[in-house]
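A structural walkthrough
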Amino acid sequence: MITFIACVIILFLGYVIYGVIVDKIFGSSESREVPAMKYADGIDFVELPTWKAFLIQFLNIAGTGPIFGAVAGAMWGADAFLWITFGSVFGGAVHDFLVGMMSLRSKGASVSELVGENLGALAKKVMILFSVILLLLVGVVFVSSPADLLANLTGQNRWVFVALILGYYIVATVLPIDKVIGKIYPIFGVSLFIMAAGIIIGMITQGYFMQIPEFAFSNPHVEGKSIFPYLFISIACGAISGFHATQSPMMARCVRNEKDGRKVFYGAMIAEGVIALIWAAAAMTFFGGLEGLALEGGKAAVIVNKISSGLMGPVGMILAILGVVVCPITSGDTAFRSIRLTLADALRLEQKSKLNRFKLIIPVFAVAVMLLFIDFNIIWRYFSWANQTLAAMALWTAAVYLKKQGKFHWVAYLPAMFMTVVVTCYILVAKEGFYGLITQYMPLKSAEGIGIVVGIALALGFSMLYFRKEKGTD
């Protein structure tokens, strides 16, 4: 319980102290004209009130991420609290803020454009391909999973719901951002806060709050998975997520003032960290401990339903359906919208024309429909490390940007190095990566050690390559 409370306090302090420091390092200016004003088109570049931009950004980056990820990470006990907390303050919030602010300074550019501006043309091409594939996976899975759940609840054919969800996605992707997303996202964003508040109140009134475990230097995972690198991949959206790098530019086109950047980008990530802490604590206690949680078989949607109904009754069931049906849909629609914006930036295709918007989305949705016929159980498990790889690339981009500006780039450089090591190690030793590449020749611990060394070498190699280029241009 003390660890949990301390982590909530640290998240708050992270926003009011470290968030201000990062903002000052970047150098946001109240007088600088923002893209929403300079490039207003009534479609994507639309001024939104700060509170609305915050709630849209929050739901964009959250969805079910801080719920499902936290439930998975809860298997490591209170150690998960530390990653959620420090990962959010020094990693995720910095990542989201810097990508959003760089986009503000670059005409609302998508993350692939930012990568190209700072890391070169080849990196830009890789990022375009990487981010579009990642967003397509997000969009398609967030058609399939809510459609399947609704089919099970109602007895209707899943394809009826697939068609309805795809129809909504097309509307949300094409229409101006303030017409659909700007109206419904704030409502669902608030509902996520209400859901979390209901969970914490239920934990207090039913005695679970006092049972929240404390941090200990141990490895409580029932399957024996080590904390490094697995915990740092399992909890993504609640700590740091590359998917957020594709979402921040969307709100960079809508904020009214650069000084709102800390509230919208850094603040939304801190809020997501609080949500993740609450759900991790609930998962650790509701089933009588980690052993009881393990018996649920890792089925996040089932776990969320049980916790919600157990702590909040019938209201909890409604909120649970909202969490596992509506929230994935609100991640899917912005995923497809981000694909449109990414492709539009790459092709230099203005989006005020409705015809241009349809030119981009029709092929995308055609591919999405084809992918719906494929079993994603195998493909989707690769999303976790691909997502964190994108986060590492975005942080390297931010570090290079700050260095070019003569600013204190270490705020992005250090988390970039850390995530590079995490991802490299995971890819080499996890079953979702290249499992067996080295683990068949040695014990897992030794393989993990090699993964860490290779990750450090890659991070240092990137640094040396970049700084050598910088020295040559001085």
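Analysis parameters
Residues numbered from 1 in each chain as written. Predicted model: local features only at pLDDT ≥ 70, side-chain atom pairs only at ≥ 80, totals over all residues. Heavy atoms only, no water. Helix = DSSP H or I, 4+ residues; strand = E, 2+ residues; numbered from the N terminus. Rg over C-alpha atoms; globule rule 2.2 N^0.38 Å. Buried < 20%, exposed > 50% of the residue type's maximum accessible area, 1.4 Å probe, protein only. Contact = heavy atoms within 4.5 Å. Areas by Shrake-Rupley, 256 points an atom, 1.4 Å probe, with all protein chains shown as cover. Lys, Arg positive; Asp, Glu negative; His and termini not counted. Charge placed at Lys NZ, Arg CZ, Asp CG, Glu CD. UniProt positions renumbered as here; feature names shortened; annotations may be inferred. Salt bridge = Lys/Arg side-chain N within 4 Å of Asp/Glu carboxyl O. Core = buried A, V, L, I, M, F, W, Y, C linked by side-chain atoms within 4.5 Å. Polar contact = N/O pair within 3.5 Å; in protein donor to acceptor, adjacent residues only side chain to side chain. Expected span 1.5 Å × (residues − 1). Axes fitted to C-alpha atoms, helices over the stretch in contact; angles between N-to-C directions. Parallel < 35°, antiparallel > 145°, perpendicular 65-115°, else oblique. Left-handed = near helix turned anticlockwise from the far one by under 90°. Nonpolar A, V, L, I, M, F, W, Y, C, P; charged D, E, K, R; others polar. Phe/Tyr/Trp six-rings, centres within 6.5 Å; stacked < 30°, edge-to-face > 60°. Lys NZ or Arg CZ within 6 Å of the ring centre and 35° of its normal.

1. Quick look at the overall build of the protein chain
- A tally of regular secondary structure across the protein chain gives 19 helices and zero strands.
- Against the 2.2 N^0.38 benchmark of 23 Å for 474 residues, the protein chain shows a C-alpha radius of gyration of 21 Å, consistent with a compact globule.
- Referenced to the eigenvectors of the C-alpha coordinate spread, the extents of the protein chain come out at roughly 55 × 50 × 45 Å.
- Among the 474 residues that make up the protein chain, the fraction classed as buried is 60%.
- Pairs at least 24 apart in sequence give 83% of the contacts found in the protein chain among residues at least 6 apart.
- Accessible surface for the protein chain amounts to roughly 18,700 Å². Of this, 69% is attributable to carbon and sulfur atoms.
- Each charge class in the protein chain was averaged separately, 35 positive and 27 negative side chains, and the resulting centres sit 6 Å apart.

2. Here we look at the UniProt feature "domain: CstA N-terminal" (unreviewed entry) in the protein chain
- As recorded in UniProt, the feature "domain: CstA N-terminal" (unreviewed entry) lies at residues 3–144, 157–284 and 298–423.
- For residues 3–144, the end-to-end C-alpha separation is 37 Å, with 77% helix and 0% strand making up the annotated structure.

3. Some thoughts on the pattern of salt bridges
- The full count for this structure, using the stated rule, is 10 salt bridges.
- Notably, a salt bridge pairs glutamate 258 with arginine 105, separated by 2.6 Å at the nearest N-O pair. Separated by 153 residues along the polypeptide, glutamate 258 in the loop between α11 (243–252) and α12 (261–286) and arginine 105 in helix α5 (residues 79–105) bring together distant segments of the chain.
- The salt bridge involving lysine 306 is made with glutamate 296; its shortest N-O contact spans 2.8 Å. Taken together, the residues lysine 306 in helix α14 (residues 300–347) and glutamate 296 in the loop between α13 (290–294) and α14 connect sequence positions 10 residues apart.
- Among the residues examined, lysine 306 registers a relative accessible area of 37% and is labelled partly exposed.
- For glutamate 296, a relative accessible area of 17% puts it in the buried group.

4. Quick notes on the nonpolar core
- In this structure, Phe81, Met203, Met251 and Ile307 are the most contacted members of the largest nonpolar core, which totals 161 residues.
- At 18 residues, α12 tops the list of elements feeding residues into this core.
- If we ignore the near neighbours within four places in the chain, the residues touching isoleucine 307 are Ile199, Trp279, Ala282, Ala283, Phe286 and Phe287.

5. Describing the side chain of threonine 420
- Looking at the element boundaries, threonine 420 is found in helix α18 (residues 410–429).
- Relative accessible area serves as the criterion here: at 11%, threonine 420 is assigned to the buried category.
- At a separation of 2.7 Å, a polar atom in the side chain of threonine 420 contacts the main-chain carbonyl oxygen of alanine 416.

6. Focus on α18
- In this model α18 runs 28 Å from its N-terminal to its C-terminal C-alpha over 20 residues, within 8% of the 28 Å that 1.5 Å per residue would give.
- The element α18 is largely enclosed, with a buried count of 17 among its 20 residues.

7. Structural notes on the packing of helix α4 (residues 65–73) against α12
- For the pair α4 and α12, the least separation of the axes is 8 Å and the interaxial angle reads 40 degrees. Compared by their axis directions, α4 and α12 come out oblique. Our pair here, α4 against α12, has a crossing hand that is right-handed. Mapping the contact onto sequence places Pro66, Ile67, Ala70 and Val71 in α4 and Glu272, Ile275, Ala276, Trp279, Ala280 and Ala283 in α12.
- Of the residues that constitute the contact of α4 with α12, the class distribution is nine nonpolar, no polar and one charged.

8. Observations regarding the packing of aromatic side chains
- The tally for this structure, following the rule as stated, stands at 24 aromatic pairs.
- Between phenylalanine 336 and phenylalanine 365 the ring centres are 4.5 Å apart and the planes differ by 25 degrees, which places this aromatic pair in the stacked class. Of the two residues, phenylalanine 336 is situated in helix α14 and phenylalanine 365 in helix α15 (residues 354–371); the sequence distance between them amounts to 29 residues. Each of the two residues, phenylalanine 336 as well as phenylalanine 365, counts as buried.
- In textbook terms, an aromatic cluster arises when at least three aromatic residues are bridged by ring pairs, as seen for Trp83, Phe228, Phe232 and Phe418.
- Note that arginine 158 overlies the ring of tryptophan 159, its terminal NZ or CZ placed 4.9 Å from the centroid.

9. Topic: unusual backbone geometry
- With an omega dihedral of 5 degrees, the bond running from phenylalanine 228 to proline 229 counts as a cis peptide bond.
- A positive phi is found at lysine 107, a non-glycine position, where the angle reads about 65 degrees.
- One can find lysine 107 in the loop between α5 and α6 (111–119).
- Residue class for lysine 107 comes out exposed when judged on its relative accessible area of 55%.

10. Looking at the environment of glycine 207
- Along the chain, glycine 207 turns up in the loop between α9 (181–205) and α10 (230–234).
- Residues glycine 207 and phenylalanine 373, 166 residues apart in the sequence, show an inter-C-alpha distance of 45 Å.

11. Notes on α11
- Counting buried positions over the 10 residues of α11 gives 10, a clear majority of the element.
- Regarding α11, the residues found buried are Phe243, His244, Ala245, Thr246, Gln247, Ser248, Pro249, Met250, Met251 and Ala252.

12. Regarding the packing of helix α7 (residues 121–154) against helix α17 (residues 383–404)
- Two elements in contact, α7 and α17, have axes separated by 11 Å at closest approach and are oriented at 140 degrees. As judged from the angle between their axes, α7 and α17 are oblique. Considering how the two elements wind past one another, α7 and α17 form a crossing that is left-handed. Contacts from Val126, Met127, Phe130, Ser131, Leu134 and Val138 in α7 reach Phe383, Ala386, Asn387, Thr389, Leu390 and Met393 in α17.
- Looking at the contact of α7 with α17 residue by residue, the classes come out as nine nonpolar, three polar and no charged.

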